Structures are given as C-alpha cells and as structure tokens.
Amino acid sequence: MRKRAMTVVMLCGALVSGCQGEAWEQPAHEQPEASVAATRQAVISPELEASLACVETYANAGTCDWAHWSEMVETCVTHAHGELEDGLFLEEVQSGHCTAANWPALSEQLITPRPPLVRMRTDCHGGAQVITEVEDNGCYPLAQTAGASYVDVPIGKAVRLFAGVGCTGTAVTVQTDASLCVTKFANGTSTNDKVRSFRVQDLEAPPSEYRYDCAPEESTCVKNHNSTSRLVAINRKHTVQIVRILVAGRSTPSMGLIEDRVLEMYDFFKVASRQQISLEVPLARRELTAPAGSTCEEARKHGIRYASSDAFLTVYSMPTGLCDVSRARSRSISLNGNLPRDHAHETGHVLGLGHGNARNPAGGNDIPYGDASTYMGRFPSDNYNLPQLHWLGWTKKQDLVDVTSAIASKGASYTVTLRPVGTNAEVASDLPLGAVWEIPGTAPKERLFIAMPKSRLNATNDIEGGTVIVYRSPQCENCTGMAMKSTTRGRFNAKSTGEPTFDGLRIQAVSYTLKPVQPGEPDLEDFASVTLRFSRVE
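Note that the coordinates shown come from a computational prediction; the quantities given were computed from them, not determined experimentally.

Engineer: Explain helix H2 (residues 46-61) to me, please; I cannot follow it from the model alone.
Structural biologist: For an α-helix the count is 3.6 residues per turn, leaving residues at separations of three or four pointing the same way. With 16 residues, H2 should reach 22 Å at 1.5 Å per residue; the first-to-last C-alpha distance of 23 Å fits that figure. Every buried residue belonging to H2 is among Leu48, Ser51, Leu52, Cys54, Val55, Tyr58 and Ala59, and all of these are buried. Projected down its long axis, H2 carries its buried residues within an arc of 160 degrees, all on one side. Away from its buried face, by an angle of more than 90 degrees, H2 presents the exposed residues Pro46, Asn60 and Ala61. Here the buried face of H2 lies against helix H3 (69-76), helix H4 (88-94) and helix H5 (103-111). Where H2 ends, the next residue or the one after it, glycine 62, has phi of about 80 degrees, a positive value.

In structure tokens, the structure reads:
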C-alpha cells in the first residue's frame, strides 16, 4: 500500500491583481497548503502524458523552478489538467523538488488520486499534527493516549464522535472541521481528549429536483457525476467566520468592508443556486494580531492556530501587500484583497470548481484563466459558467439537453432553442439553458456544453448579448475537490450564418428572438432565445 504523504496543498485565485499582485497579462499562480483537491479519474489522457513529458524536459534541464514557472505553465499546458493544477505541483516546484533525480517519484505522485481525508489532530486548531487520517466510511478506533483535539471533515462527509470504543456511548456528530476543545458530547461533557472512536459517513440526501437520476430511456438527460453527499453539503445554509489578520505597520480591510463582500457573495450564491444556499447570520467575526514582522505564511498560520474555526467557510483577510496571492483550502480562503471576484473565485475552489481557461483563437496553447464568463477565470464576471453551475447542482434536469443520441445516425440533426444563462435565477420558461455533446473517443470522458451566457451587453465584461460559447469540460466520474475546470472552445453570435465545428460537432445558428426595449433602458439588443441546429461532422 502506498503511504499517503502528509504534504498538503492550497489553491490560489487566478483572477485579479489581488490574487497575483501584478497585471492581468501575468498568469496567476496557485500556492500550496492543505489538500483541497483529488480531481482524478483513473485513465491518464494522452494530453496529460504530453504535459508531463514536457515538464520532464524542464526537470532534466534544471529549469523546473519558480523562475521558469510561467513559461513552463504556458509551454507544457499544465493548466489544462487538474492533476497539475491543485497546488501540489506548484509546492514541489517552489520547494526545489522538481529535479531530474526526483522526477520519477514526483510524476507518480502527481497522477495518484488524492481524495480528501478525515483527520484527527493533536491540538485545538487545523494546523496541528495529524494523529490519524482515513478515507472510507466506517467506524475507526482512537487510542486513549491519542489526545485528539481537532477533526478535519471533508465537504460531503459527517463524522460522529464517540466516547466509547467500537462507536458506542455518548456521541456527537460534526459536519464541518471542528475544535474538540469547544465541542461537547450529547451528555454535555467535553470531547477534548475524550474521543475513543469515530464513524465516517456520507451526508444524507433529502429529495431534490436538483439532484436527479437519468433513466435509460431519457436519452436527452445530462447526468451530474458530482457526488450526492457533496451536493447536499454545498446546497444548504452556510456558517461563515471572518478572521481579520493584523500586523503592525500594515493595513487590513476593515471588518465592515470584509463583511459587505461576504454578504454580496452570498447574495450571488442565493440567486445562482436558486435559493439552495443561504447564509446564517450574524456572521462570526474575529480579529487576530500576528507578531510584528510576520511574513504572509507566519501571519496566516497564526490565524489558523488561534481562530479554531468550525464554520463551513472561514475567510482570512490578510494585510494588504503582505501576501503575493490569495489562496483556498478545503474550507477556508485567505485573501490578499477584498474585491468581490476575489471572494467568488477562491470560494469557488472550496465548492469544487477548477479554473476557466480559453482556447487561443490564434492557435497554439490555450490561454490559462482566459474565460470571462466565469469567476473562475481571470477577468471580471457575473457568474460561474454553465458546466460549473451544473456541477454545483444548480440546474434541473430540464435545464440541459443531451444531443448525442439524437444525432448519432449519419445525416441526422437536432434543433434546440436555448434561453440565456444570465444570473441562473429561477424563471418561468420551458427553454433549456444549454445543450451537451458527449465527445466520442475521449479518455477520461469529456463533454461540450453550448450556452448563451448573457442576454445583452453590460458593464461587467465584453461578452455581448446573443454570444454563444462552447465549453469543453470533464464528465468527471468519481472526481472530488477542485474538479470542474473548463475551456472555451470558441464563440459565435446568434446572428451568425456560419456552421462552426467543435470536437466532431457542427453547430448552426438557425434563429433568435429579442426582448422589446423598455422605456428608459439603453437601446441594446436583448436576446430572449437562440435556436441552434446540431449535427455530427461526418
């Protein structure tokens, strides 16, 4: 059995100067720390093999290092693969471990699944030494001398802590990371150093029209391969703690401004999730002063140690300019800025989203973080993109149409009329949001999502109303963590007369409808629908 490394990784938001500290042209970089992602599938694609082979040339040349990081990301297209995007690879590069001698072991580690684990720790905070870690559901012993004082609980799991051996005796269930120094058993006694066994289980899933199965005869149904327990954990009321980190001689955004941004983000979540996510108020708030002269890492660890948060999401607001990048862990984000998109991007990682990349229209490698239709890119946005909304469980069965079977026969075509995605708010419409094409011959399996993100141009970005975007994303069976990345394959307008092709799929814009311009509104085209005809490239 391969021994699991205790090394942990972090994710950085790749979207703003607050994440990178530089202009947009410079791709943002992830920073490692705690294991957020196990976005693996069993089959290694030829594209991933090519990226690894490319990185190996850097390792052999002695240039797989931080100085050549941006060049290597672009040249080797590492951003296209979750295995190289979850932070572990970056950590190894920054630590000087990406060398010719280490490459055989490192490459194996990078492609080995790293599922999120339940961990018991020695002290009352999430940075303490790990006593034991487990992956599977079941009952586990904990020695009397272990002295567990903190438990890490992955999203989608529940952990029941027992005072007796064999999962017996008085107990309490936790569904988020928890300090046992403040957690009590059902009988009122402290759990600190008193847990003798624990049971790991999936969260129970009540019925919901957003969590559905596809029957064999439902050929147009698009299955969501995200786990039911994770969807249950995400789509519920969230507890949030804000931790404002202070360091002498530096300024940190005020608690009021940080709270405003968190509330703004949860207003977005409430609409985009169609009321599935809500926020428990008032928010928990703490201010912690790190020792004078603390580095970013020292100040952040100080916050983790003394916050002892048990919230679904903990927001660590760092002093301005102290950190080069923003980061995300499994249940927390660490921000070096306070822009709305900082919060939405990093929390997107916590919820399980990867980056939104874009195909380079001039040819060559894709553009990392180049999708402006999602907060998971590097540009201002209004929403997550449709593959990501689907992955989060924010679409119903009727919101997507799989065209694969309908055009399987030679010469066959299928016509679908789509409404704009917009804010993804619940609307009274029978029109779907998107069409899906299961790309043949891909391993791991991948899909195309075809959608119209916006009905009309707004001040957020330059995506015009009626623009149809084609996204390529993983089907992602058995994925966890930062799983749902995407790449825009191309875009065209609803008025287009061409028939562009993408990965074996031909798309023709047949017609469109416009909403009437209301008095006092700008005279902009406002698209109500677009009708598309799909066929296979023979």
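Having seen it, we continue.
Engineer: Looking at this model, I keep getting lost on the pattern of salt bridges. Mind explaining?
Structural biologist: Here the idea is simple: oppositely charged side chains can pair when their charged atoms come close. Tallied over the entire structure, the rule returns 22 salt bridges. Put simply, lysine 157 and aspartate 202 hold a salt bridge, and the shortest N to O gap is 2.7 Å. Linking lysine 157 in strand S5 (residues 157-164) with aspartate 202 in strand S8 (residues 197-202), this pair joins segments that are 45 residues apart in sequence. The class for aspartate 202 is partly exposed, based on a relative accessible area of 38%. A salt bridge links glutamate 525 to lysine 495; its shortest N-O distance comes to 2.3 Å. Here lysine 495 lies in the loop between strand S22 (484-493) and strand S23 (501-502) and glutamate 525 lies in the loop between strand S24 (505-514) and strand S25 (527-536), a separation of 30 residues in the sequence.

Engineer: What is the right way to read the pairing of strand S1 (residues 118-121) from this model?
Structural biologist: Put simply, side chains in a regular strand alternate between the two faces of the sheet. Judged by which residues are buried, S1 turns out to be covered on both faces: Val118 and Met120 on one side and Arg119 and Arg121 on the other are all buried. Bridge count for S1 against strand S2 (residues 130-134) is four bridges, and the pairing is antiparallel. By the bridge assignment, arginine 119 is partnered in S2 with glutamate 133.

Engineer: Looking at this structure, how should I read the environment of asparagine 235?
Structural biologist: For asparagine 235, the position within the fold is in the loop between helix H6 (228-234) and strand S9 (237-238). The exposure class assigned to asparagine 235 is buried, which follows from its relative accessible area of 11%. Between the C-alpha atoms of asparagine 235 and isoleucine 277, which are 42 residues apart in sequence, the distance is 4.9 Å. Every residue in contact with asparagine 235, bar those within four places of it in the chain, is listed here: Ser273, Gln276, Ile277, Leu392, Gly393 and Trp394. Only 3.0 Å separates the side chain of asparagine 235 from the backbone oxygen of leucine 392, close enough to count as a polar contact. Here the side chain of asparagine 235 touches tryptophan 394 through a polar contact of 2.6 Å, side chain to side chain.

Engineer: Which parts of the structure should I look at to understand the sheet that holds strand S3 (residues 138-141)?
Structural biologist: Hydrogen bonding along the main chain pairs the strands of a sheet, whether they run parallel or antiparallel. Read across the sheet, four strands follow the order S3-S8-S5-S6 without closing on themselves; strand pairing throughout is antiparallel. Two strands in the sheet have a free side with no partner beyond their single neighbour: S3 and strand S6 (168-174). Each neighbouring strand pair of the sheet contributes to a mean axis angle of 25 degrees, computed without reference to strand direction. Here five bridges tie S5 to S6, and the two strands are oriented antiparallel to one another. When the sheet's bridge partners are listed, glycine 164 is paired in S6 with threonine 168.

About the cut-offs
Residues numbered from 1 in each chain as written. Predicted model: local features only at pLDDT ≥ 70, side-chain atom pairs only at ≥ 80, totals over all residues. Heavy atoms only, no water. Helix = DSSP H or I, 4+ residues; strand = E, 2+ residues; numbered from the N terminus. Expected span 1.5 Å × (residues − 1). Buried < 20%, exposed > 50% of the residue type's maximum accessible area, 1.4 Å probe, protein only. Arc of directions from axis to C-beta. Contact = heavy atoms within 4.5 Å. Salt bridge = Lys/Arg side-chain N within 4 Å of Asp/Glu carboxyl O. Pairing = 2+ DSSP bridges. Polar contact = N/O pair within 3.5 Å; in protein donor to acceptor, adjacent residues only side chain to side chain. Axes fitted to C-alpha atoms, helices over the stretch in contact; angles between N-to-C directions.

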